[in-house]
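Next come the chains, spelled out residue by residue.
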Amino acid sequence: MPTRPNPFRLALTHLILLACAGLTVMPVVLVLAASLRKGSTLISTRLFPGMDELSLAKYHELLTQTPFLTWMLNTVIVSVVASLIALVVTALAGYAFARFRFLGRKNGLMAMMLLQMFPAAMAMVAVFRLLQYLGAATGGVLGLNSLLGLSLVYIGAGIPFNTWMIKGYVDALPRELEESATIDGATPTQTFLLVVLPLMGPILAVVAIFNFIAPYSDFIFPSVVMFEESKYTLAVGMQSFISGNFSTNWTLFAAASILGAIPILVLFFALQRFLVEGLTRGALKG
Amino acid sequence: MRRLLLLIALLFATCFGCGPTTGQADAVRLWTGLDAEYPVIERVVADFQQRTGIQVQMLKVPFEQLRNKFLIAAPADLGPDLVIGPQDWVGVLATAGQLEPIPQEALPGEDFVPVSVQAVTFQGQVYSVPLFMECNALFRNTRLMPERPRSIPELVARATALQQADPTLKGFYFDLQEPYFAWPFFSAEGAWLLRDKDGRTDPFDIGIDTPGSVRAAEFLRSLRQESHLIPPGASENISRTLFQEGRAAVIINGPWMLKDAKAAGVPYAVDPFPPTASGGQPRPLVGVQGIMLNRRATRRAEALKLMEHLASVESTVAISQASGRPPVRRGALARIQSDPDIATFAMIAEQGTPMPSHPAVNAIWVPLKSALELITTGKSPADRELRATDERIRQKIQLMLE
Amino acid sequence: MRERNSGGLPYLYLAPALLLLALLSLLPNLYSVWLAFTNYSLNHYSDYSFVGLRNFARILQGPEAATFGRVFAWTVVWAGASVLLSLGLGLFLAILLNNAHVKGRTFYRTIFILPWAIPAFISVMMWQGLLNTEFGAINLLLANLGLDQALATIVGLFTNEPVATPIAWLNTPGWSHIAVLAVNVWLAFPFQLTTCLGALQSVPSDVYEAASVDGATAGLQFRRITVPLLRSALLPVLLSSFAFNFNQFAAIYLLTAGGPAVPGSEAGATDILITYSYKLAFNLFQYGMACAYAIFIFILVATLSGVNFKLTGAFEDAN
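Predicted, not measured: the structure shown is a model, and the values here were computed from it.

S.K.: Could you clarify how one ought to interpret the domain arrangement of chain B in this entry?
M.R.: In many reports, interface size means the accessible area that the parts give up when they come together. All names here are of chain B. In terms of domain boundaries, chain B breaks down into domain 1 (25-134 + 286-354) and domain 2 (137-283 + 364-401). Counting from both sides, the interface comprises 18 residues of domain 1 and, opposite them, 19 residues of domain 2. Surface buried jointly by domain 1 and domain 2 totals about 1,400 Å² across both partners, of which 58% is contributed by carbon and sulfur atoms. When residues of domain 1 are sorted by the area they lose upon contact with domain 2, Gln-123, Asp-341 and Phe-345 head the list and together hold 39% of the total. At the boundary of domain 1 with domain 2, the tally comes to two salt bridges.

S.K.: Even after reading the chapter, I still don't get the sheet that holds strand β9 (residues 170-173) of chain B, so can you show me in this structure?
M.R.: Residue and element names in this part refer to chain B. The strand order across the open sheet formed by four strands is β9-β12-β8-β13, and the pairing between neighbours is mixed. The open sheet has two free edges, formed respectively by β9 and β13 (268-271), since each of these has just one partner strand. The mean angle between the axes of side-by-side strands here comes to 15 degrees, regardless of whether they run parallel or antiparallel. With three bridges connecting them, β9 and strand β12 (residues 248-253) associate as parallel partners. The residue bridging Lys-170 from the neighbouring strand is Ala-248, located in β12. Docked against the sheet, helix α6 (residues 152-165) engages β8 (137-141), β9 and β12, running at close to 140 degrees with respect to β9. Against the sheet, helix α9 (residues 236-244) contacts β8, β9, β12 and β13, and its axis sits at roughly 140 degrees relative to β12.

S.K.: Would you take a moment to explain the interface of chain C and chain A for this structure?
M.R.: Opposite the 105 residues of chain C that make contact, chain A presents 107 residues. Of the roughly 10,000 Å² buried at the junction of chain C and chain A (both faces included), carbon and sulfur atoms supply 77%. On the surface where chain C and chain A come into contact, there are zero salt bridges. Where chain C packs against chain A, one counts six residue pairs in polar contact (both at pLDDT 80 or more). Here the side of chain C that touches chain A takes 21 residues from helix α1 (residues 9-35) of chain C, the largest share from any one element. The class makeup of the residues in the side of chain C that touches chain A is 74 nonpolar, 24 polar and seven charged.

S.K.: Would you mind showing me how to read the confidence of the model for chain C here?
M.R.: Detailed conclusions should not be drawn from predicted coordinates in areas where pLDDT is low. In this model, chain C carries an average pLDDT of 85, and 95% of its residues clear a pLDDT of 70 or more. Of all helices and strands in chain C, the one with the weakest mean pLDDT is helix α14 (residues 314-318) of chain C (55), whereas helix α3 (residues 68-97) of chain C scores best (93).

S.K.: Just to check I follow, could you spell out the nonpolar core for this structure?
M.R.: The nonpolar side chains of soluble globular proteins are, as a tendency, buried together. In terms of nonpolar packing, the biggest core is built from 333 residues, with Phe-139, Phe-172 and Phe-174 of chain B together with Phe-112 of chain C touching the most fellow members. Residue contributions to this core peak at 17 residues, all from helix α3 (residues 68-99) of chain A.

S.K.: Help me out: how do you make sense of the environment of Leu-170 of chain C in this one?
M.R.: Residues and elements named next belong to chain C. Among the secondary structure elements, Leu-170 is positioned in the loop between α7 (148-158) and α8 (173-200). Expressed as a C-alpha distance, the spacing of Leu-170 and Phe-309, which sit 139 residues apart in the sequence, is 34 Å. Other than its neighbours up to four places away in sequence, Leu-170 contacts Gln-128, Leu-131, Ser-176, Ala-179, Leu-255, Thr-256 and Pro-260.

S.K.: Please explain the domain arrangement of chain C as it appears in this structure.
M.R.: All names here are of chain C. As far as domains go, chain C holds domain 1 (32-62 + 281-319) and domain 2 (79-131 + 169-269). Computed from C-alpha atoms alone, the centre-to-centre distance between domain 1 and domain 2 is 29 Å. Tallying the contact residues gives eleven residues for domain 1 and eight residues for domain 2. For the pair domain 1 and domain 2, the two sides together bury roughly 800 Å², of which 71% comes from carbon and sulfur. Run the count over domain 1 and domain 2 and you get zero salt bridges. For the interface between domain 1 and domain 2, the tally reads zero residue pairs in polar contact (both at pLDDT 80 or more). Where the side of domain 1 that touches domain 2 is concerned, the elements lending two or more residues are α13 (287-312) and α14. Examining the composition of the side of domain 1 that touches domain 2, we find that eight residues originate from one element, α13, more than from any other. In terms of residue class, the side of domain 1 that touches domain 2 is built from six nonpolar, four polar and one charged.

S.K.: Please explain unusual backbone geometry as it appears in this structure.
M.R.: Glycine aside, residues mostly have negative phi, and peptide bonds are mostly found in the trans state. Gly-259 of chain C connects to Pro-260 of chain C through a cis peptide bond whose omega is -5 degrees. In this structure, Pro-260 of chain C sits in the loop between α11 (249-255) and α12 (273-280). The backbone of Asn-145 of chain A sits at a positive phi, close to 60 degrees, despite the residue not being glycine. Counting through the fold element by element, Asn-145 of chain A comes out in the loop between α5 (123-138) and α6 (147-172). Its identity as a non-glycine residue notwithstanding, Phe-285 of chain C has a phi of 60 degrees, on the positive side. The topology assignment puts Phe-285 of chain C in the loop between α12 and α13.

Definitions and limits used
- Residues numbered from 1 in each chain as written.
- Chains lettered and ligands numbered in written order.
- Predicted model: local features only at pLDDT ≥ 70, side-chain atom pairs only at ≥ 80, totals over all residues.
- Heavy atoms only, no water.
- Domains from an automatic or database assignment.
- Contact = heavy atoms within 4.5 Å.
- Buried area = accessible area lost by both parts, 1.4 Å probe.
- Salt bridge = Lys/Arg side-chain N within 4 Å of Asp/Glu carboxyl O.
- Pairing = 2+ DSSP bridges.
- Helix = DSSP H or I, 4+ residues; strand = E, 2+ residues; numbered from the N terminus.
- Axes fitted to C-alpha atoms, helices over the stretch in contact; angles between N-to-C directions.
- Polar contact = N/O pair within 3.5 Å; in protein donor to acceptor, adjacent residues only side chain to side chain.
- Nonpolar A, V, L, I, M, F, W, Y, C, P; charged D, E, K, R; others polar.
- pLDDT = per-residue confidence, 0-100.
- Core = buried A, V, L, I, M, F, W, Y, C linked by side-chain atoms within 4.5 Å.
- Buried < 20%, exposed > 50% of the residue type's maximum accessible area, 1.4 Å probe, protein only.

Following this line, the structure appears as C-alpha cells:
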C-alpha cells in the first residue's frame, strides 16, 4: 500500500483487475444473452447471436404472465428481515465472545462451529414440523407459509458463521477506546453501543450482505414450507420454469436471474460506503 | 435514517399479515409441478368451480420439489387432496402409504389408451387417473434430411455422410449416456427395465444384462467411436439448441420441444423410430402424467369430482394443446388429429413401453447412466460393464426394499 | 478489561443467538441423529423403529466401503483447494481494491460481486456450456489464442491426462477435477473478497503509513501487518469455508453430477462424500442410512477441522 502511486504498479493493478473482471463477467454476459433469446434453451452454439434473434419477449412474459414482482417482493422481505435480525443477534453474540470472559466461552465457540458442520440430511422434515408447531403457537405469524418463519430458518443457518466473523473483527479492533470509556464510567452496554458498534460498520455490512443473499439461492426450503404461490420467493418461482420434466424454459429463468440480481447489487452499492469506511476513518485520523 | 425505519416498519407490517390463510379451509386442494400446462389447468379448474360451486385451491410447486414436499406434508395432514405427477411417483408415494387407490367409480374407463392405465398401475392397483403421456421420437430437419430413413442403419449412414460433407453439421445427435434417451435402442433388442409377473412388478426381474442389451450398448458405442456422430459432452439442451439453429439433421426429443421447434422456423418432421439392424422396433419409455388421490384427503368426494373434470375429454384436449403432450383418451385423441405432431407422439406412445411405476426403478437410472458413459467412451467393454451394473442395481434394490 | 468477568451480562448478549440456534439448528440436527439409528425408509415411512448401529455397520461393511477412501481423499483436496484458491484470489483482489489510488474501484467491486448475485443454478449451467468440449467458448477461445496445446501439455505433466485437444473439461477425471475447482472458485471468491474487504478495514491505515515512513516494502507490510491482523478475522472464515465446501453439494451436482464415471464403482471422479452418500442412500429413500452418512461425514469434517484448529491455533488466538 504505497502512499505515492507508482504508475507502473498502478497499470499492472488495472491489468490484473481487468483480466479478472473479464473472466468473472463472462458467464454473466451469457446469462444476459440467453435472456434476450427467443427460444427456451440455455446454450447457444454461436458465440454472438444475430440481432434478429434478440428480443425482450422473455422480460415481457416475466412481468406480465408470472407473479415475478410478488416473488421479488417476498424475497426482499425475507432477505431484509433475515439481515436485520441476524445483525442484531450476531453483533451481540460476536461482541460477547470477543470481549467478555465467561464460563463456557471457548466451548460455546467450538459448539457453534461444530453445529454448522453437520450435513442437514433430514433437517427439512424436522424444520417443517418445527414450523408447524411454531405456527400453531404464534397464530401463524412464525409458522409454515409465513415469510417471517422462513426468515428465521435462514437466520438460524447463518448464526455460527456470522458470529465468528464478527468476533474475529472485534478481536482485531484496538481496545484503547473501550478501556478509556470504561475508565470514564461507561457501563459495558454503553461501551458496546456507543464505542464499539460504530466501529463495526464494515463487518456488519458484510454480515448484512451474506444474510441478504442467502434466501436468493435457496429454492428447496421455501418450496416445501410455503403453501401459496403468492408466498413463494424468487428462487422457487424461477425453479418451476426449468424443472418441468424436460420442458425447461431456460431463457425465462435467465431473464428472472438478471432482474433478480438487481436488489443484491443495489444493496451492495448502498453498503459500499461501510465496506470502505475504515480507510477514510484511518486517513482522517492520520 | 427515518426513511429506513419507515421502510422496516412497513416490511414488518406486511409480514405480520402473512400467516396462513384460513379462508379457503374447505376448498379442494390440488398441487402440480407442470409449468407449460399450468395456465390452462387454472382455466379448466376455474370452469369447474363455476359449474359446481366447489372451491379449489391450486398450488404450483417446482416439479423436482413436488414429490418431496408431498412426502413431508401429507403425513402432517397438510398435503393436498389431489396431486398431479408422473407414474414413477406412483410407486414411491403408494409404498410410503400416502396414496389411496383410485375408487371403482373413478377408475379410467374403456376409452383410455391401455399403455396409460398400465403405467399408473402399481402392484395390481390403479393409483392415478391418467391425463396425458409423453415419450421420445425423432425430430428431423426436413431441409437437411428430406427423406424419412427406413431403418436405423440407414439413418446412421446418411447422418455420417451429411457430417462428412459439412463438418459444422450434426447428422444424428442426442444424449446417448442418458438412459431415458438411449432406452429405445435397448427395447428394440428385447431388453427390459422391470417386468410384471401375474400383474405385479418383480423388482428383481431386471433385463439390462442380456445379449440384446449388450448389442444395444455396442450400437451406442459405435455411434460415438466409429461413426463419430456423438462426442462426449452431448446433452439434451445442446441437442435442442442445435436443432433449433438448423445445425442438426436428426435428434431424439419429446413433445415438450414442439413449441420451440415451431417457433424456431426450421422445417421439421416428427418421425417414429425405424427398426434397428436386427429388425427390432425401438419402443421409447412412456411417461404418464395423472392425478393421484391423497390417502388423507379431507374433501374426498369433491376431489373425485374435480378429478373427473380434469380427466375429461374436454379438459385434456385443452391442456394437451398448450403443452404438446398427447392426451390419453380415445375421444380426446380423435380431436387432436388436426395436429400431426401431437398425433405422431400419441401413436408412438401407444406402442411404447410404460416407464415402470415400481420405486425400484429409481435404483436403476444412476448406475445405468454410468455404465452407458463407460461403454460409449470405450473405457469398459459392454458385456462386462452391464453385468457388473446389473449386480450393483440388484444390491441397491435389495437395500431399498428392505 | 482483559480479565474482567462480566457476570451474567455475556449470557444476556448471547441469549438470542443461542435460543435461535438451539431451535433452528440443534433441534433438527438431533432429530437427524435419532433417525440415523432407525430404519426410516420408503418401506418404513410411518412405522420406523430403532435398529441400533445397523446403518453404521452397513456403511462400514457395504460393498462400496472400499471406494470411500478415494472419495474421501478427493473431498479433502476439493474442500482445501476450493478454500485456499478462492481465499487467495479474494484476498489478492481485496488488497488491490483497498488501494485508494486505483480508479474505478466501485466498478470492479460491482463486477466481482456478480457471480454471487446471479443464482448458482444458472451460472453453473452456463459454465457447463462454456466448458463443453465441442461447442464451449473456453475451448474456442483457447484454440484461437493458440493456447490449448500448451495448456494440455502442462496439465499432462501433472495428471494422467493424455495430451489432447480440444480439452475434454468435463469428461475426463483429471480435467473435470480442474474444471469443478475452477467453477467453485468462481462461485466462492466474491464471498471471500467481501469478507476480506470488510476485514481489511479493521486494519487502521495509519499503521501502513507508519510502516511506509519506516521504509517497509509492500510485501513486508503484507507479511508483517496485514496477515497477522487479518488472521483472527479470517481463520474462522477459512475453517467454516472448509466445512462448507466439504458438504458443497450444489456445485458438484449441478456441474458434473459426480461424473465422469469410474469403472467398477458407483462414485464418479468428482463425487464428494455428500454427493456420493446421496447416491447411495437418499436416492434409494433410505433416510435412516442417509442420516448415518451425515454423522459419518460430520465426524470426518469435525476431526479435520479440529486438526486445523490445532495447527493454525485459531483458539489460542481467541484467548
